[in-house]
Structures are given as structure tokens and as C-alpha cells.
Amino acid sequence: MAAGSIIIQSFLVFCFFLGLASSARPPPPTGLCAASVTPQGYKCQEFEVKTQDGYILSMQRIPEGRAGGGGNKQPVLIQHGVLVDGMTWFLNPPDQSLPFILADAGFDVWIANTRGTRYSRRHTTLDPSMPQFWNWTWDELVTFDLPATFDFVFSQTGQKVHYVGHSMGTLIALASFSEGRLVDKVKSAALLSPIAYLSHMTTALGVVAAKAFVGEITKLLGIAEFNPKGEAAGQFLKMLCSKPGIDCYDLLSALTGKNCCLNSSTVELFLTNEPQPTSTKNMVHLSQTVRDGVVAKYNYGSSEFNLMHYGETRPPIYNLSNIPHNLPLFLSYGGLDALSDPRDVGLLLDSLKLHDGDKLTVQFIKDYAHADFIMGVNAKDIVYTAIVAFFNRQ
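Residues numbered from 1 in each chain as written. Predicted model: local features only at pLDDT ≥ 70, side-chain atom pairs only at ≥ 80, totals over all residues. Heavy atoms only, no water.

K.L.:
Is there a simple way to explain the pairing of strand S6 (residues 161-166) in this structure?
P.N.:
In regular strands, side chains alternate between the two faces of the sheet. Of all 6 residues making up S6, 6 are buried, and the element is well covered by its neighbours. Side-chain alternation along S6 places Val161, Tyr163 and Gly165 on one buried face and His162, Val164 and His166 on a second face that is also buried. Judged from the 4 bridges that link them, strand S3 (residues 74-79) and S6 form a sheet pairing that is parallel. From the neighbouring strand, glutamine 79 faces S6, where its bridge partner is glycine 165. With 6 bridges joining them, S6 and strand S7 (residues 186-192) adopt parallel strand pairing. Counterpart to valine 164 in the pairing with S7 is alanine 190. Handedness of the crossover joining S6 and S7 through helix H5 (residues 168-178) is recorded here as right-handed. (Buried < 20%, exposed > 50% of the residue type's maximum accessible area, 1.4 Å probe, protein only. Helix = DSSP H or I, 4+ residues; strand = E, 2+ residues; numbered from the N terminus. Pairing = 2+ DSSP bridges. Right-handed = clockwise from strand over helix to strand, strands pointing away.)

Written out as C-alpha cells, the structure is:
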């Protein structure tokens, strides 16, 4: 394979695992149900959910397992990380994919797709070609996207919702719970590779990328949409690779840690379907978390602008110790994860030190890195079985 091709493919993997686009792309002619669920023999329904700020999100529902069966099933909402979409949960065979495993275990499974990704690129008044469409960060996912999806599932089922998040899907949940959002509708939450504090992300490429997004990215890209497959992102990669000590031929291990259990065919399938766009502003916000070592709202870069938006000169902090102490939480993290570093997970657990002892379940997998939690060939036996048992105990 040509060196340039290796770099480009590695960068796509980098964008996904960092969890961190410039042309408008219409949704594919077939939805996620038709592409990845019904061909496996499962029922699947497509829904559209409108946020309070006008984004139209795609959601999918797998109401039962392959064997069928009726009854009043407990709903589970599954939320992906940044720069991917709901497709990322379906890259392995059905017996290794979390949504199918949950459906076969008797749950009513719902798949979220964040604004800007391939199935959620519509708005009531805006178009993806407009910069205003991309004027958001994960703060807006906390304020608008996550409440919209929770409210919709709750309205359809009449039941509190179990939640599964990976990477940034854990960050927006923790931030939401800390502000008292969703706590009346969530039954429990399983957080995989939990991201809150990021100050111990010490890989050379990760640190350089974070610094670039905080200080240079808007000037470099000059766009509101960050598309990992676009020309501007390729130029950004070249800039990163020119830095001393950066190895662009080993991005996967350098950024995510050494994933123990990925199937090469699954990684190839990922490269075919992912990554997805996000907003440049969102990338900047994530990088601020790396730089500042706190979980806070977006920093507008000056006391004056922060005062205008927040009524104070510094962005408000998400106080994770405010998460209700009786909310059942399951946290699973890996010893080799270079993004959800065990030391940063330790800071998160310290924020949860007053949590009711019987409401907090922590799983540490010493050989796992960031991607193993959603694409690992043995994730069913190690992680997903534990999630099913955790949900069934609630």
C-alpha cells in the first residue's frame, strides 16, 4: 500500500478514536435499519426527532430480538461518540454487536445519531452548507440532542430508559446528569471508556492535535464543519505529521493505546462507513478539556465574550459530584486506553466518591484500549454480558 494511502487511512482511524466536515452530503438513500439491521433478521423502525434548536435527528428502534417475543420490554438508548454515528455499533457480526445482544436479551433498543452525522444532517431552517448549521459544541448535545432523544423514547415507551454511551457519549451523559437533566427519565447508565477529564492524554500526537485545535484550527481550516475525509483535514494531518517526534504510521496505537482485540475486517468496514463530520467548534471544545483539565462549558476565548454568554468571565464548570448519588452507574475502562486514561478515570471516580456504594459498578479491563469496547471480538463476554446483568439488576 502506498505511504500516502497508509497515512490517510490512519488519519481516519485517528479521528474516530480521538472521539474528538467541507461539503454538504445528503443522507444515503437507505437508512441505518435497511443498511445494517434488517439484513441480519431483526425488526427495525426508523424515526425522526426534532431538537428544540431545530435539528432533525435520526433514530432507530430494534423492538425485539431475532427470535421475536412481545411484552413490555425495558428501553435502552445507545449513544455513539464523536465523528462516528449509530453505524459504529453494527460493524461486528450480530453475536458480537451490542444492540443485537441487548435486543436478544429482551430489551427494546434505540440507536441515537448525533447532529451533523450522515443520518442527522437536516434542520428546520438551516442547511449543512451554512456555517450556522455547525455553530455548536457538545454543550448543545447536553442541552438539546440528548434531552430530545430521551424524551422521544420515554414518550414512545412510557418507561424510564437505560443508557449506554461510549467515549463522548459518556461525557454528554455525565454533564447532563450533573445539571439535573434527564434524571427523571434515566433508569441507569453504562459508560464505556468514560471521558470527562482528559489531562493525562500524553501521547505526542494527541497533545499536538489538541493544541492545534485550541490555537490554530479555525485559521487552518477556515470552515465550520470538520470533515475527516475532506481536503482541509488532509492538510491538517500534514501539518501534524511535520511536527518533531510524530509518527504518522502508528496512529492507532499512539492515540488509542494498543487495542488487544480488533478484527482487521472490522477495521476495514469501519473505514468504509466512518468517520462522520462534526463541528470544528466541537473539536475546539474537546481540546479545551485537554488543555484546561476541567469539565466546563465552551470557552469563548475572552472574559468579555464569556460574560456575554454566561454572565461570568469563565465558562461554568460541570460539577460531576452533583450527579444524583442514587443513580445506578456502570463504568468500564481499560488499562491501555490512551484517551480514557486510567488516571483520568480515577479523577472521575473521585468526583463520584460520595455515590451510593450499591449504585456504582466499576469494571477495569487491563488489556483493553479505547476501541475494544465497541469493536473487540471478545467484548460480548467481557463487557456486554456485564452490562446486561447490570441492567437486569435495576
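Read on, since the account is not over.
K.L.:
I tried to follow the nonpolar core on my own but got confused; where do I start?
P.N.:
Where a protein is soluble and globular, its nonpolar side chains tend to be buried together. The biggest cluster of nonpolar side chains holds 53 residues, and the ones touching the most others in it are Trp138, Tyr163 and Leu320. Tallying contributions element by element places helix H4 (residues 138-157) first for this core, with 8 residues. Setting aside its immediate chain neighbours within four residues, tryptophan 138 contacts Met168, Leu171, Ile172, Ala175, Asn282, His285, Leu286, Thr289, Val295, Ala296 and Tyr318. Listed in part, the 41 residues of the second largest apolar core include Val37, Cys44, Leu192 and Phe390. (Core = buried A, V, L, I, M, F, W, Y, C linked by side-chain atoms within 4.5 Å. Contact = heavy atoms within 4.5 Å.)

K.L.:
Before we go on, may I ask you to explain the pattern of salt bridges in this structure?
P.N.:
Two side chains with opposite charge may pair up if their charged atoms get near one another. For the coordinates displayed, the defined rule picks out 13 salt bridges. The partner of glutamate 179 in a salt bridge is arginine 181, and the shortest N-O contact between them spans 3.0 Å. Here glutamate 179 falls in the partly exposed class, since its relative accessible area comes to 35%. A salt bridge links lysine 185 to aspartate 184, with the nearest nitrogen and oxygen atoms 3.5 Å apart. A relative accessible area of 17% means that lysine 185 is categorised as buried. Taken together, the shared-partner salt bridges in this structure form one network comprising Asp53, Arg115 and Asp145. (Salt bridge = Lys/Arg side-chain N within 4 Å of Asp/Glu carboxyl O.)

K.L.:
What is the right way to read the state of the cysteines from this model?
P.N.:
Disulfides are covalent bonds that connect the sulfur atoms of two cysteines. This structure, assessed with the given rule, holds 2 disulfides. The residue that forms a disulfide with cysteine 33 is cysteine 44, at a sulfur-sulfur distance of 2.0 Å. When the S-S torsion is -65 degrees, as for the bridge of cysteine 33 with cysteine 44, the disulfide is left-handed. Here the residue cysteine 33 occupies a position in helix H2 (residues 32-37), and cysteine 44 occupies one in the loop between H2 and strand S1 (45-50), the gap between them amounting to 11 residues. Through a disulfide, cysteine 260 is tied to cysteine 261; the S-S separation comes to 2.2 Å. Taking the sign of the S-S torsion, -90 degrees for the link of cysteine 260 and cysteine 261, the bridge is left-handed. Among the residues examined, cysteine 260 registers a relative accessible area of 37% and is labelled partly exposed. (Disulfide = S-S within 2.5 Å.)

The values reported here are purely geometric and, on their own, carry no functional implication.
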